[in-house]
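Spelled out from the first residue to the last, the chains are:
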Amino acid sequence: MGLASQAARLENAPRECEGITEIVDWIFRRLFMRYRFSLQLAICAALIFGFVGAAWAQGNASSDLSAVQRLDVMRSKLEAMRRSLNSAISSMGGAPSDKEKKNPDDPRERLRGLDKEAGSILSEVNDIRSKQERSDKYDHTILDRLEASVAEIKTRVEAGLQSTASARTASVASSGNANKKKKKGGHFFGLFGGGGNDKFEELTGTVAPGRDRVLFEEAAKEVRKGNHETGRLLFSTIINTYPDSAFLPLAKLAIADSFYLEGTSASLVQAAQAYLDWLTFFPTDPLADDAMLKVAESEMRQMGLSDRDITHARKAEQRLKSLLQQYPQTNLRAVVEDHLRETQESLAMHNLGVARFYYEARYNKGRGTGLKGAQSRLKEIIDKYPNFSLRDEVLFRLGTTYQLEEEPDEAAKYYQDLVRNFPNSDYGEKAKEQLSIIGAPIPEPDPARKNIMPAEKSGFMGNLMQQVSGRADVTVNSDGVLISKDKKEGKNDLIDEAVKYNGQLPANLTPTAPVQRSTRPSSINPRPQPAVQNPSPTNAKPAATPPPGIKP
């Protein structure tokens, strides 16, 4: 009977499963129909939070900077905004009457209000900077609030300068005759003393067709003369006054170049930030990979020795890896890989120094438990930095740590790697001795590596000079993307070609876009076409006829 009942249950099992499936399906449909609106709301909320989180992460990219660097970047931006506002206000003539001061529609009052707000934020930034220098305690979350305030006021300043451009033009036109009779001994953005700078005052104070081209050319000249701040302010005038200019994308990039060419520690921090800002607006521009390379090189130029802070080396490695991931078809791959080797050499040397310290502290000074610490650092070098010049020493030390931990099989693996791949190493004979003690076979050297000599060590004077300078020995191009540091005779920079062809770059000089461009119309045009119908001013040179193949 038991077997018969079990057989009957097996026969009825498919029908029971079908019944259970129908019940589950019915329950699911009832729940979904009843709570589908709630489910839709939950899905929408998840998507919204995801987008907000991504935007927050992008907006807080500057959190990689130290507190001092973040404050310096904010201060530079605010000071540039105030100079632009003061120049715009001064171009509108003298001080208004009491009645005009009370008029909120007066363009001067609008710009004065923005200048007052920017000054208030700048005062707060300077106060926090002073506390930082004195090592006083303060709430570090205030930096996030200040960065948000700077971004918000920057947007309003740009909008205010653009909306008051026509008022400035009318004001300057009405006082043009008076200015011709009497030259002002004023200051252009507070940077120049004495007279003779009416050219800059007219360029920045009025809006005219083709004036953006003249501004761009004059700004490039100032940067090449070493007047980086002046050049940046002229480039900023294009951005704030001519939003549809064909020179606008290159003006933004040239500002980053000016910081990079200036070369101080504070300027390099701002150069990296300016290049990243430009990449946010023009990620598919043909020069995007060049800009990202400059971000990495800005970090490399700040790298210290391997026995000091390696923050910049880690950032440079991250940027270089991101460049290869985002732009796999870049023509800069060879340069990036060379930079990556140099950066990783410094990082590996840092780990080796720490491993040596742990090992010496444990066995020579009889304190600490540094064996595991040394082992982890050495294994990190083996796993992450295969091209490290002192890899033979790393293999020997790693084998020694395992041998001391009585793990002969693991130790033999690293000793054999050393004997096989580094036959000319000073550690080769020592590794063979340890293999004989362990009783492990001694491999034959790899014939392909017999002629490879170990890395040459720097001499005494070389090491001394590096210790004095405190800078890592890396090979970095000191030229910007558009502007070179020392222009060679007979060779034009990309910025010269941009001036020559009215904001466009010839096809034979423009690199291939590192990523596929979208065929859809975009709200951000990396190469906007100039307005042909606008006549050129009298002091503007006619644009040269571009060769065939100009990239839009």
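Okay, so let's go over this structure. (Residues numbered from 1 in each chain as written. Predicted model: local features only at pLDDT ≥ 70, side-chain atom pairs only at ≥ 80, totals over all residues. Heavy atoms only, no water.)

As for the overall build of the chain
Now for step 1: Tallying secondary structure elements over the chain gives 21 helices and zero strands in all.
Now for step 2: Sequence-distant contacts in the chain: of pairs separated by 6 or more residues, those separated by 24 or more amount to 66%. (Helix = DSSP H or I, 4+ residues; strand = E, 2+ residues; numbered from the N terminus. Contact = heavy atoms within 4.5 Å.)

Structural notes on the pattern of salt bridges
Now for step 1: Going through the model one piece at a time under the given rule, you end up with 26 salt bridges.
Now for step 2: We note a salt bridge from Asp-144 to Arg-70, for which the minimum N-O separation is 2.7 Å. Here the residue Asp-144 occupies a position in helix H5 (residues 142-163), and Arg-70 occupies one in helix H2 (residues 67-90), the gap between them amounting to 74 residues.
Now for step 3: For Asp-144, a relative accessible area of 38% puts it in the partly exposed group.
Now for step 4: What makes Arg-70 buried here is its relative accessible area of 10%.
Now for step 5: A salt bridge links Arg-70 to Glu-147, with the nearest nitrogen and oxygen atoms 2.9 Å apart. Of this pair, Arg-70 sits in helix H2 while Glu-147 sits in helix H5; the two residues are 77 residues apart in sequence, bridging distant segments of the chain.
Now for step 6: Within the structure, one salt-bridge network assembled from shared partners comprises Arg-70, Asp-144 and Glu-147. (Salt bridge = Lys/Arg side-chain N within 4 Å of Asp/Glu carboxyl O. Buried < 20%, exposed > 50% of the residue type's maximum accessible area, 1.4 Å probe, protein only.)

Some details on the side chain of His-339
Now for step 1: By the element assignment, His-339 lies in helix H15 (residues 333-363).
Now for step 2: His-339 sits in the buried class, given a relative accessible area of 5%.
Now for step 3: Setting aside chain neighbours within four positions, we find His-339 in contact with Leu-293, Glu-297, Met-300, Leu-320, Thr-475 and Val-476.

Remarks on the packing of aromatic side chains
Now for step 1: Scanning the model with the defined rule gives nine aromatic pairs in all.
Now for step 2: A ring pair is formed by Trp-278 and Phe-282, whose centres lie 5.4 Å apart and whose planes are at 45°; its orientation type is tilted.
Now for step 3: Take Trp-278: its relative accessible area is 1%, and that puts it in the buried class.
Now for step 4: These aromatic residues form a ring-pair network of at least three members: Phe-216, Phe-235 and Phe-247.
Now for step 5: The side chain of Arg-232 reaches across the aromatic face of Phe-259, ending 3.9 Å from its centre. (Phe/Tyr/Trp six-rings, centres within 6.5 Å; stacked < 30°, edge-to-face > 60°. Lys NZ or Arg CZ within 6 Å of the ring centre and 35° of its normal.)

Here's the deal with helix H16 (residues 370-384)
Now for step 1: Taking 1.5 Å of rise per residue, 15 residues should cover 21 Å, and H16 covers 21 Å from first to last C-alpha, within 8% of that figure.
Now for step 2: Those residues of H16 that sit buried are Gly-370, Leu-371, Gly-373, Ala-374, Gln-375, Leu-378, Ile-381 and Ile-382. (Expected span 1.5 Å × (residues − 1).)

Quick notes on the nonpolar core
Now for step 1: The biggest cluster of nonpolar side chains holds 86 residues, and the ones touching the most others in it are Phe-216, Phe-235, Tyr-275, Leu-287 and Leu-482.
Now for step 2: A per-element tally of this core places helix H11 (residues 248-262) first, with 10 residues.
Now for step 3: Formed by 23 residues, the second largest nonpolar core is a distinct cluster that contains Met-74, Leu-111, Leu-114 and Ile-128. (Core = buried A, V, L, I, M, F, W, Y, C linked by side-chain atoms within 4.5 Å.)

Details of the side chain of Ser-425
Now for step 1: One can find Ser-425 in the loop between helix H18 (408-421) and helix H19 (428-438).
Now for step 2: Ser-425 gets classed as buried once you look at its relative accessible area, which sits at 10%.
Now for step 3: Within the structure, the side chain of Ser-425 is placed 3.0 Å from the backbone nitrogen of Tyr-427, a separation counted as a polar contact. (Polar contact = N/O pair within 3.5 Å; in protein donor to acceptor, adjacent residues only side chain to side chain.)

What to know about H18
Now for step 1: For H18, built from 14 residues, the straight-helix expectation of 20 Å at 1.5 Å per residue is met to within 8% by its first-to-last C-alpha distance of 20 Å.
Now for step 2: Those residues of H18 lying buried are Ala-411, Ala-412, Tyr-414, Tyr-415, Gln-416, Leu-418 and Val-419.
Now for step 3: Elements in contact with the buried residues of H18: H16, helix H17 (391-404) and H19.

Side note on the environment of Gln-416
Now for step 1: Its place among the elements puts Gln-416 in helix H18.
Now for step 2: Classification of Gln-416 as buried rests on a relative accessible area of 17%.
Now for step 3: Taking the C-alpha atoms as reference, Gln-416 lies 7.8 Å from Leu-435; in sequence the two are 19 residues apart.
Now for step 4: In this structure, Gln-416 is in contact with Leu-435, Ala-440, Pro-441 and Pro-443, ignoring residues within four places of it in sequence.

Some remarks on the packing of helix H4 (residues 107-134) against H5
Now for step 1: At a closest axis distance of 10 Å, the pairing of H4 and H5 adopts a crossing angle of 160°. Comparing their axes, H5 and H4 come out roughly antiparallel. Taken as a pair, H4 and H5 cross one another with a handedness that is left-handed.
Now for step 2: Residues belonging to the contact of H4 with H5 are distributed by class as follows: 13 nonpolar, three polar and five charged. (Axes fitted to C-alpha atoms, helices over the stretch in contact; angles between N-to-C directions. Parallel < 35°, antiparallel > 145°, perpendicular 65-115°, else oblique. Left-handed = near helix turned anticlockwise from the far one by under 90°. Nonpolar A, V, L, I, M, F, W, Y, C, P; charged D, E, K, R; others polar.)

A look at the environment of Phe-388
Now for step 1: Among the secondary structure elements, Phe-388 is positioned in the loop between H16 and H17.
Now for step 2: Phe-388 sits 40 residues away from Ala-348 along the chain, and the two C-alpha atoms are 6.7 Å apart.
Now for step 3: Leave out the neighbours within four places in its chain, and Phe-388 touches Glu-345, Ala-348, Met-349, Leu-352, Ile-381 and Val-394.

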